[in-house]
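Chain and residue survey
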Amino acid sequence: MRPFLVPVTLLLLAGVLWSQRWPFHSPVVVPPAAPAWASDPATVRHPTLRPDLKLASYTYRCSTCHNLFGPPPDSAPTARSPHGIVLKHGINARCLNCHHPTNRDAFVDDWGREIPYNEPYRVCAKCHGPVYRDWLHGAHGRTNGYWNTEMGPRERRRCVECHDPHQPPFPPMRVAPPPLTLRMGKQATQMERPEVRNPLQIYRQPAGERAAAERASGSVAPESETGKVK
Amino acid sequence: MAPTSEHEPLGPPDEQRSPALTRRGFLSKGAATIAGVSAVAAALSPLRNLDPADRPTLEKLLQKHYKEMTPEDKQRVLERIARQVEARYHVRPDVQDPPPLKGVEFVYALNISRCIGCRKCVYACVKENNPSRAPEIQYIRVLQMEKGSIDVEGSNHHYDPPQVPEHDSFYMPVQCHQCSKPPCVKVCPVEATWQEPDGITVIDYDWCIGCRYCEAACPYWARRFNFAEPQVPAEELNPDMAYLSNRPRTKGVMEKCTYCLHRVRRGRMPACVEVCPTGSRKFGNVLDPDSEVSYILREKRVYILKQDIGTLPRFFYYFDERGSRYHEPIAPVGPGGRT
Amino acid sequence: MRRYLTFLWECMRISFVGDWRYHLWMTILTIIALIGLYAYCEQLVYGLVTTGMTDQVSWGMYIANFTYLVGLAAAAAMLVIPVYVYRNMHLYDVVIFGELLAVAVIIMCLLFVTVDLGRPDRFLHLFQRFNFPLSMLTWDVIALNGYLLLNVHICGYLIYTAYCERRPSPLFYVPFVFIAIIWAVTIHTVTAFLYVGLGGRPFWNSAIIAPRFLASAFAAGPSFIILTLQIVRRVTTHHVSDEALLTLRRIVQVAMVINIFLLGCELFTEFYTDSAHVASARYLYLGLHGHAALVPWIWTAIVFDGLATVLLIVPASRGLPLLNAACVLAIFGIWIEKGMGLIVPAFVPTPLGEIVEYQPTIRETLICFGIWAFGLLLYTIFVRISVPVLSGQLTYRKRFGQPAD
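Per chain, residues are indexed from 1 in the order of the written sequence. Both sets of labels track the order of writing: A upward for chains, 1 upward for ligands. For this predicted model, a pLDDT threshold of at least 70 governs which residues receive local features, and a threshold of 80 or more governs which side-chain atom pairs are given and counted, while totals over whole chains, interfaces and linings are taken from all residues.

Quick look at the overall build of chain B
Only runs of H or I of at least four residues qualify as helices and only runs of E of at least two qualify as strands under DSSP, and these elements are numbered from the N terminus. The secondary structure content of chain B amounts to nine helices and twelve strands. Exposure in this text rests on C-beta crowding, where 20 or more other C-beta atoms within 10 Å of a residue's own make it buried, 12 or fewer make it exposed, and counts in between make it partly exposed. The C-beta atoms are placed from the backbone. By residue count, 50% of the 339 residues in chain B fall in the buried class. Two residues form a contact once the distance between their C-beta atoms, set from the backbone, is within 7 Å. Counting only contacts in chain B whose residues sit at least 6 apart along the sequence, the fraction spanning at least 24 positions is 64%.

See the structure below:
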């Protein structure tokens, strides 16, 4: 009997292995399908670059109404309806800084001459010189198309395709999903700033360890974490 | 009765050993042999689940390294790849092998004053380059950086706020920097990865043996490995392919960003540049003094990541000389100085 | 030629012959090896996703074991140096076991590298485009295979000449022995240089890695040999003197002290500087941002190493029980610190600061056990062959009744 122990054991092992009783369960997590907007190269704004206003399914030319009215007094800082425009352009609070006073189908340059509606960059360039220079050289604003202009057209995006001229700061956007790599483990979605290797975190007030310590000891009244600029 | 050969004492041997085999001995030895062979066969049994496309073929064995292929070889290989992609995804691809353009060295510049961390570049790249979706492979990783620090150790890769940019953060996307002194090229034992004349570091996916030494060597964590068979939905497959860039890979090989080689060698922009909503990404030929990137390298404040390692990357981060984003515009001042 | 084939057949025949303990040992090893082969076939089908490795931690248990075993192989030279360089004849009878261990262990190393490859079906590409001398992996391929061939030649020649009852000609093995001494140091240095040359991994990019490799190898290898020699003494008729064991003990003693000293150097450099470059060391020894999976392992390793060093220094370890305990502690401690304590921490955090921890999967562990079992199987077979042949019990003349010539 004893000589047959080894073969029997090996045959048992063969049987167990052949039966594949423990199939492989892949740890791969199928991430949710990427949202379509996440790979969409469309710009954030789609200006018509024409002096039009769509109102109640009819498209008016700016001059249609504005030829009937005179220029507004200088003391009116914001435009009202029917445009619904809220002007928050920093210290540029006067409509006629950009818009031609008599011909509303055009903009105005520094000498009172007209700038056509489809060349808005010349208007922005009146004040934003360094950005305009960068834009002309391609360092500001997006370039689509071809880097090699001998093989195809280079398409530069114009100012108003990203910036609302009346509220120019680029608006915050939604964020596309974070990475979900293999066996990633639990990852924090919030920025953790515990390790004080960054001196800025020590010296900024009221955020930082110093302020937290002072707050904890009761010597400083609690303030909002992020300070006044949100 | 001759002694069986099972228990051979290690003392003085017999002078004449008769090789008499008893029936018991024959049966036990035969049983042991059969049991051994069947155990080995059973151990090899998972191979019956091997995907037919994965089996080694003579064609694959004889395929040469990309640099040694004649144009006829390349044509045959491109045909084979097109056939395989069509069989698997039911989409007829256009697999090309665009040669490098002369007098071109590609450089990438990224404006960290403008990047808001929306990750659209990540997903545009995924759509363009056919990496696996499950397990997920993304060539671009956007780092949310803590204000005041350039140390990537404090960065967050998994930020997911309702809106970006978040307060007191700046964002630094990282992808393959196509370094001038690439450590990955230095360490590859089979020369499956090398740098092309236009500066792009490429991988021959049919040559890579999957040792992952390049992944360990890369200081920017730019290289990805296919741990499992890549899963790409057929409707999301980009049929405009090239041998060295975005044709579908198999499991067990490395891949990485190739600056969308199939686009840039035809004069177009990479997918990440074209999708960026803020225009933070700039790409071009640094040997052309009129290109966008030449202007940036001349006029802007550029820096590179991990300069101390000496890889000489062709990827520059720059920032504008004035303030970056305003979250609240300055309150307007009226003519009388009142707010 | 016919005689050589007969010799090979004899070797094969005698591997299956033994008492019940031998058969039990070999059956257990065979079962473990076959289970490992099964797990590896699954890895071939599904890809390396069956392991715990990720893009973040792209080298794990396989390379850890490979690194440790290259050290064990190099330590065979530790037996050779006293005998051939210093003429210490206590170890003369046991040198062959060190060389045989080197053969078995190098085969294990090659197997570990093979199972780590994503496309092992393309290994022929190594012969078609070989990035020598830039890639350290190519140096490693040459070094390991050369060392294997050297030791196979030396052992094979000595055993074959004993089988034929001829005196081995010194010309055919002594030069190779001396080459093997230098080559042993080379294989481990080259393996260390695999890691040291990577600027993107500051945990590895330090000059002390290569000396530490050698010191820990020369501690772990002779420890292993001390244990196996006692087993050989017990189950075979081969004579192993206590002086041989004590000479090996002296070697392990010195190597462990050097190893501990180098560990101290490394700890000081990392933690006194406390710069951003020490993130990996912090992860290993203290935990980083709440991730601390390796901390208990490395401290266990340090305790084992420290205990082993102390035990080896005290004169009481001249007695076998304490010596064996010290050897076991040294083997496991060095396995942890060199395997998991060297390979995995370099990947945490990633060069971009992400922390993803590594845990080997069951299949990965089964493959590792399978390769270890296969290596022990090979070594047992080698001992099983060499003891009777070298002692003159199994020779051509005795088997076939006529002299070999």
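Some points on the overall build of chain A
Summing up its helical and strand segments, chain A has six helices and six strands in all. Looking at chain A residue by residue over its 230 residues, the buried ones come to 17%. Counting only contacts in chain A whose residues sit at least 6 apart along the sequence, the fraction spanning at least 24 positions is 39%.

Structural notes on the domain arrangement of chain A
All names here are of chain A. Where each domain starts and ends follows an automatic or database-derived domain assignment. Its domain assignment divides chain A into domain 1 (48-118) and domain 2 (119-165). At the junction of the two partners, domain 1 supplies eight residues and domain 2 supplies five residues. Residues are grouped as follows: nonpolar covers Ala, Val, Leu, Ile, Met, Phe, Trp, Tyr, Cys and Pro; charged covers Asp, Glu, Lys and Arg; every other residue, Gly included, is treated as polar. A per-class count over the side of domain 1 that touches domain 2 returns four nonpolar, two polar and two charged.

Looking at the interface of chain C and chain A
Contact residues are listed per partner, giving 16 residues for chain C and 15 residues for chain A. Partitioned by chemical class, the residues of the side of chain C that touches chain A number seven nonpolar, six polar and three charged.

Looking at the sheet that holds strand E11 (residues 301-303) of chain B
All names here are of chain B. In this scheme, strands are said to pair when DSSP sees at least two bridges between them. Reading across the sheet, the four strands line up as E10-E2-E12-E11 and stay open at both edges, with mixed pairing between neighbours. In the strand order of this sheet, the two ends are held by strand E10 (281-285) and E11, each with one partner. Each strand axis lies, on average, 30 degrees off the axis of its neighbour in the sheet, ignoring direction. Helix H9 (residues 292-299) contacts strand E2 (106-111), E10, E11 and strand E12 (315-319) of the sheet and is inclined by roughly 110 degrees relative to E10. A fitted line through C-alpha atoms represents every axis, and for helices the fit uses only the stretch in contact; the resulting angles, taken between N-to-C directions, go from 0 to 180 degrees.

Remarks on the pairing of strand E3 (residues 141-146) of chain B
Side chains on a regular strand alternate between the two faces of the sheet. All names here are of chain B. Among the six residues that make up E3, six are buried, leaving the element largely enclosed by the rest of the structure. In this structure, E3 lies alongside strand E4 (residues 169-174), joined through six bridges in antiparallel fashion. Bridging from a neighbouring strand, Gln-144 pairs with Tyr-171 of E4.

Description of the nonpolar core
Core analysis: the largest hydrophobic core is formed by 244 residues, its most contacted members being Ala73(C), Cys109(C) and Ala330(C). The biggest single contributor to this core is helix H5 (residues 95-116) of chain C, with 17 residues. What Cys109(C) contacts, discounting residues up to four positions off in sequence, is Phe66(C), Leu69(C), Val70(C), Ala73(C) and Leu144(C). One finds Val123(A), Cys124(A), Cys159(A) and Cys162(A) within the second-largest nonpolar core, a separate group that totals five residues. To count as a nonpolar core, a set of buried Ala, Val, Leu, Ile, Met, Phe, Trp, Tyr and Cys residues must be joined through C-beta atoms within 7 Å.

Quick word on helix H4 (residues 120-129) of chain B
All names here are of chain B. Most of H4 sits inside the fold, with nine of its ten residues counted as buried. Of the residues making up H4, those classed as buried are Lys-120, Cys-121, Val-122, Tyr-123, Ala-124, Cys-125, Val-126, Glu-128 and Asn-129. Considering only its buried residues, H4 is in contact with E3, E4, helix H8 (271-275) and E10. Directly beyond the C-terminal end of H4, a positive phi value near 55 degrees is found at Asn-130.

Let's talk about the environment of Val257(C)
Residues and elements named next belong to chain C. With respect to the helices and strands, the residue Val-257 is situated in helix H10 (residues 242-273). Residue class for Val-257 comes out partly exposed when judged on the 15 C-beta atoms lying within 10 Å of it. On a C-alpha basis, the gap between Val-257 and Ala-308 in space is 9.7 Å, while along the polypeptide they are 51 residues apart.

Structural notes on the interface of chain A and chain B
The interface of chain A with chain B comprises 69 residues on the first partner and 76 residues on the second. For the side of chain A that touches chain B, the secondary structure elements donating two or more residues are helix H1 (5-19), helix H4 (129-137), strand E5 (143-145) and helix H5 (199-203) of chain A. The biggest single contributor to the side of chain A that touches chain B is H1(A), with eight residues. Looking at the side of chain A that touches chain B, its residues break down into 40 nonpolar, 20 polar and nine charged.

Points about unusual backbone geometry
The peptide bond linking Phe132(C) to Pro133(C) adopts the cis configuration, its omega dihedral lying at 5 degrees. Cis geometry is adopted by the peptide bond preceding Pro349(C), which originates at Val348(C) and carries an omega value of -10 degrees. Assignment of secondary structure puts Pro349(C) in the loop between helix H13 (320-340) and helix H14 (362-390). Here Asn130(B), not a glycine, exhibits a phi torsion of approximately 55 degrees, which is positive. Positionally, Asn130(B) belongs in the loop between H4 and E3. Residue Asn130(B) is classed as buried on the basis of its 24 C-beta neighbours within 10 Å. The residue Arg212(B) is not glycine, and still its phi comes out positive at about 65 degrees. Overall, the presence of 23 C-beta atoms within 10 Å leaves Arg212(B) in the buried class.

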